[in-house]
Amino acid sequence: MKSLSLLGSTGSIGTQTLDVLRALSASGHSPWQVSVLAAHSNTQLLEAQAREFRPRAVALFEPAAAEDFRHRTRDLGIPVLSGMEGLCEAAAWEEADLTLNAVVGMVGLRPTLAAIAAGKTVALANKETLVAGGALVTAAAREKGVAILPVDSEHSAIFQCLRGNDLAQVKRLLLTASGGPFFGKTRAELGAVTPAQALRHPNWSMGAKVTIDSATMMNKGLEVMEARWLFDVPVDKIQVVVHRESIVHSMVEYNDGAVMAQLGTPDMRLPIQYALTYPARLPGPVGELDLFGLGQLSFAPPDTEAFPCLAIAQEALRRGGLAPAAVNGANEQAVAAFLGGRIGFLEIPELCSGALGLDVAPAEEGLSLEAVLEADRAARAYVDTQLIGR
Ligand code: NDP
Ligand code: MG
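Conventions adopted
- Residues numbered from 1 in each chain as written.
- Chains lettered and ligands numbered in written order.
- Predicted model: local features only at pLDDT ≥ 70, side-chain atom pairs only at ≥ 80, totals over all residues.
- Heavy atoms only, no water.
- Helix = DSSP H or I, 4+ residues; strand = E, 2+ residues; numbered from the N terminus.
- Contact = heavy atoms within 4.5 Å.
- Near = heavy atom within 4 Å.
- Polar contact = N/O pair within 3.5 Å; in protein donor to acceptor, adjacent residues only side chain to side chain.
- Areas by Shrake-Rupley, 256 points an atom, 1.4 Å probe, with all protein chains shown as cover.
- Pairing = 2+ DSSP bridges.
- Axes fitted to C-alpha atoms, helices over the stretch in contact; angles between N-to-C directions.
- Parallel < 35°, antiparallel > 145°, perpendicular 65-115°, else oblique.
- Nonpolar A, V, L, I, M, F, W, Y, C, P; charged D, E, K, R; others polar.
- Donors = N, O, S within 2.8 Å, 3.2 Å for Na, K, Ca; no water.
- Buried < 20%, exposed > 50% of the residue type's maximum accessible area, 1.4 Å probe, protein only.
- Salt bridge = Lys/Arg side-chain N within 4 Å of Asp/Glu carboxyl O.

### Considering the environment of M84
- Along the chain, the position of M84 falls in helix 4 (residues 83-91).
- A C-alpha to C-alpha distance of 40 Å links M84 and R187, two positions 103 residues apart in sequence.
- What M84 contacts, discounting residues up to four positions off in sequence, is F61, V107, R110 and P111.

### Quick notes on the site of ligand 1
- In the region of ligand 1, 25 residues are neighbours, and T10, S41, N42, E128 and G207 sit closest.
- Backbone polar atom of G8 to an oxygen atom of ligand 1: 3.2 Å apart, as the coordinates give it.
- Taking I13, its main chain carries an N or O atom lying 2.9 Å from an oxygen atom of ligand 1.
- Summarising the interface, the protein chains cover 88% of the accessible area of ligand 1, which totals 900 Å² for the free molecule.

### Digging into the sheet that holds strand 11 (residues 259-263)
- Strand order in the open sheet made by the four strands is 9-8-10-11, with mixed pairing throughout. In this open sheet, the two strands that pair with only one neighbour each are strand 9 (238-242) and strand 11. For this sheet, the mean inter-axis angle between neighbouring strands, taken without regard to orientation, is 20 degrees.
- Bridge analysis of strand 10 (residues 248-254) against strand 11 gives five bridges, and the strand direction is antiparallel.

### A look at the packing of helix 14 (residues 309-319) against helix 15 (residues 323-339)
- Relative orientation of the contacting elements helix 14 and helix 15 amounts to 150 degrees, with a least axis distance of 7 Å. Relative to helix 15, the element helix 14 is oriented roughly antiparallel. For the pair helix 14 and helix 15, contact is made by I312, A316, L317 and R319 and by A323, P324 and V327, respectively.
- Of the residues belonging to the contact of helix 14 with helix 15, the class tally is six nonpolar, no polar and one charged.

### Describing the coordination of the magnesium ion (ligand 2)
- Coordination of the magnesium ion (ligand 2) by the protein comes from D152 (OD), E154 (OE) and E223 (OE), over a distance range of 2.1 to 2.2 Å.
- Using a relative accessible area of 8% as the deciding quantity, one classes D152 as buried.
- Exposure remark for E154: the relative accessible area of 8% places this residue in the buried category.

### Some thoughts on the pattern of salt bridges
- This model, assessed by the stated rule, comprises 26 salt bridges.
- Close ionic contact of D19 with R269 constitutes a salt bridge, the shortest N to O distance being 3.5 Å. Taken together, the residues span a long stretch of sequence, with D19 in helix 1 (residues 12-26) and R269 in helix 12 (residues 269-277) at a distance of 250 residues.
- D19 gets classed as partly exposed once you look at its relative accessible area, which sits at 28%.
- Linked by salt bridges that have partners in common, D19, R22, E52, D267 and R269 make up one network.

And the structure:
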C-alpha cells in the first residue's frame, strides 16, 4: 500500500485527486492510503474528507480554522497541524511515499522544498512553485534524487510524449492553450470585462486564480516557465499554440520533424491519475475520447497584443534570476485585486509589466529561498502601492 500526502485537498485539483482514489479503489486497484490532508481554512469540506479517508493528520493553514476543526472532530482524534510549519510538516510526512501539492499560489514553494528535502516523490500541480523557485526546486530535487511528476495537463502531456525518446533530440515543445473565455476579443473589448465573465472558462472547471490566469493568458506564461524547469528546455524552444478544443494537451517536436502529441478529454483526473500510478496506466474515472463527435481540431498562434501577459512571462524567463518570482507575485496580487473589483482586467498585465521593471534580478547562481521570498514580497508591495486609494 502506498501513502499520499495531499496539500490543497479541498480545491479543484484536490477534490479531483480524491475522486481518482475513489475510482481506483472501486475498481479494485487502489493501493493508496491517505496519510495527510491539508487546506487553508475550509474546515467543513476537510472534515467530510477526513471522515471518509481517515488520514493520520490534517493541516489547516489558518490557526482559527485549525482550532475549529479540532472542536468539530474530537471523536476522530486526528492531530491538527497549522501555519506554514504545519503545511511543511504535512508535505514531509514520514509515512508518505508521494506528496501531491495542489495548493494555489506562491505559498506552495516552501512545502514543495520540504517534501523534496524529506525525499518524497512530488506530484506538482502548484505551478507557482516552479515559476518563482524553479532553479531552487530543480537543484534540490537533483541533489536528493527525487522525481517531480507534473500534474498540469500540458506538462503531463509533454512528460508522456518524451517517454522512450531522448530529450537531447527535442527541437521544440508545443504547449497548447485553450485561449480562455476571451479568445478573439480585441484589447479595446477587454477593457470592460467583469470577474464573472472571466470566471466562465469554456473547457475547464478550475479554482478562481487559475481561471483568471487562463483569461489573461498569464496561465500559459506561467506554464512556459514551468516547462522550462521541468524539462530543462530554453524559453525560445517552447512554442505556444492556441487550440480551442483542449483535446491535444501538448506536443513534442523532434529534430527529424516528428511531432508526438497526447490527446484526451479535457478532464484533470487523467493527468492526476497518471502522476499517482506512473508508470502504470490503469482504468480510471475519465471517459473515452469521442473523435467522431469532435470531427475537427483547430490550431492558431497566440494574440500577444490583446493578451500581453504571455509575452511578459516569456520576457521574465529570458531575464532570469528573480524576475519570474516578481512577475508571479505581482500577478497573484493583481488577480486578487481584479476579483475584488478594485482594478480592471487590463490592469493585470500593466501591473505585471511594472513588476518586471523592479530591480530584483541578480544572476541565477545568486538565488536563495530568502531572495525569492523577498522578490515576491517586493512585487506585492509594488502592486499595493499602485492601488492606494482604490
Ligand atoms: P483552488 O483554488 O480550487 O484550491 C486551492 C487549494 O489550496 C484549496 O484546497 C485551498 O484550501 C488550498 N490552499 C490555499 N492556500 C493555502 C495555504 N496557505 N495553505 C494550505 N492550503 C492552501 O485551486 P486549484 O485546485 O484550481 O489549483 C491548485 C493549483 O493547481 C494552482 O497552482 C493551479 O495553477 C494548479 N492547476 C490547477 C488546475 C485545475 O484544473 N484546477 C489545472 C492545472 C494546474 P481552502 O479550500 O481551505 O481555501
Ligand atoms: Mg495547464
